[in-house]
Amino acid sequence: MPTSRRRTAALTIALAAFLGVTAPAAQAVPPAASDDPQEPPHAQCRTKVVGSTGTASCFNPNGNNSRVWLHIECKRWYDPDVDTGTRGVAIGPAQHATLAGRCWQEIADLWVSYAPGG
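Parameters at a glance
- Residues numbered from 1 in each chain as written.
- Predicted model: local features only at pLDDT ≥ 70, side-chain atom pairs only at ≥ 80, totals over all residues.
- Heavy atoms only, no water.
- Pairing = 2+ DSSP bridges.
- Helix = DSSP H or I, 4+ residues; strand = E, 2+ residues; numbered from the N terminus.
- Axes fitted to C-alpha atoms, helices over the stretch in contact; angles between N-to-C directions.
- Disulfide = S-S within 2.5 Å.
- Buried < 20%, exposed > 50% of the residue type's maximum accessible area, 1.4 Å probe, protein only.
- Contact = heavy atoms within 4.5 Å.

## A look at the sheet that holds strand β6 (residues 96-102)
Now for step 1: Across the sheet, which stays open at both edges, the three strands sit in the order β1-β2-β6 with antiparallel pairing between neighbours. Lying at the two open borders of the sheet, with one neighbouring strand each, are β1 (44-50) and β6. Geometrically, the sheet is characterised by an average inter-axis angle of 15° between neighbouring strands, direction not taken into account.

## Concerning the state of the cysteines
Now for step 1: Applying the stated criterion across every chain, the model contains two disulfides.
Now for step 2: Shown here is the disulfide that connects C45 with C58, its sulfur atoms set 2.0 Å apart. Disulfide C45-C58: torsion about the S-S bond near 110°, hence right-handed. Taken as a pair, C45 in strand β1 and C58 in strand β2 (residues 53-59) lie far apart in primary sequence, 13 residues in all. C58 matches C45 in its accessibility class, with the two residues each being buried.
Now for step 3: Through a disulfide, C74 is tied to C103; the S-S separation comes to 2.0 Å. A torsion of -90° about the S-S bond marks the disulfide between C74 and C103 as left-handed. Here the residue C74 occupies a position in strand β3 (residues 66-74), and C103 occupies one in the loop between β6 and β7 (107-116), the gap between them amounting to 29 residues.
Now for step 4: Disulfide partners in the chain, listed by the sequence order of the bonded cysteines, are 1-2, 3-4.

## Comments concerning the environment of P93
Now for step 1: Checked against the element boundaries, P93 lands in the loop between β5 (89-91) and β6.
Now for step 2: Using a relative accessible area of 40% as the deciding quantity, one classes P93 as partly exposed.
Now for step 3: When the C-alpha positions of P93 and N60 are compared, they lie 5.6 Å apart, and in sequence the two are 33 residues distant.
Now for step 4: Residues within four places of P93 in sequence aside, it is in contact with N60, N62, G63, N64 and N65.

Now the structure itself:
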């Protein structure tokens, strides 16, 4: 015959299952900035679209250089897409950079790509 403690635990589990209550999940460790542990950390950028102008405000909190590119895809077929160039912009440790570009009309998409070095 089960002890009263085991009986209480069994009744608690059964009641929780009946009510649809689940046990709280274990606290997960937040994911790293990148899935690849070999990839060095890079600058952090925030993007903003105002009208037909897109900007990326980037800050490099790391001790290594980072290179960033701003890419803008324009909504209209006749509007050329915009990139910040083939070399990108180098951002040193604890430095800030703002990248901007614009379409003639609306912006469909805006993103930033990163690479180590500078």
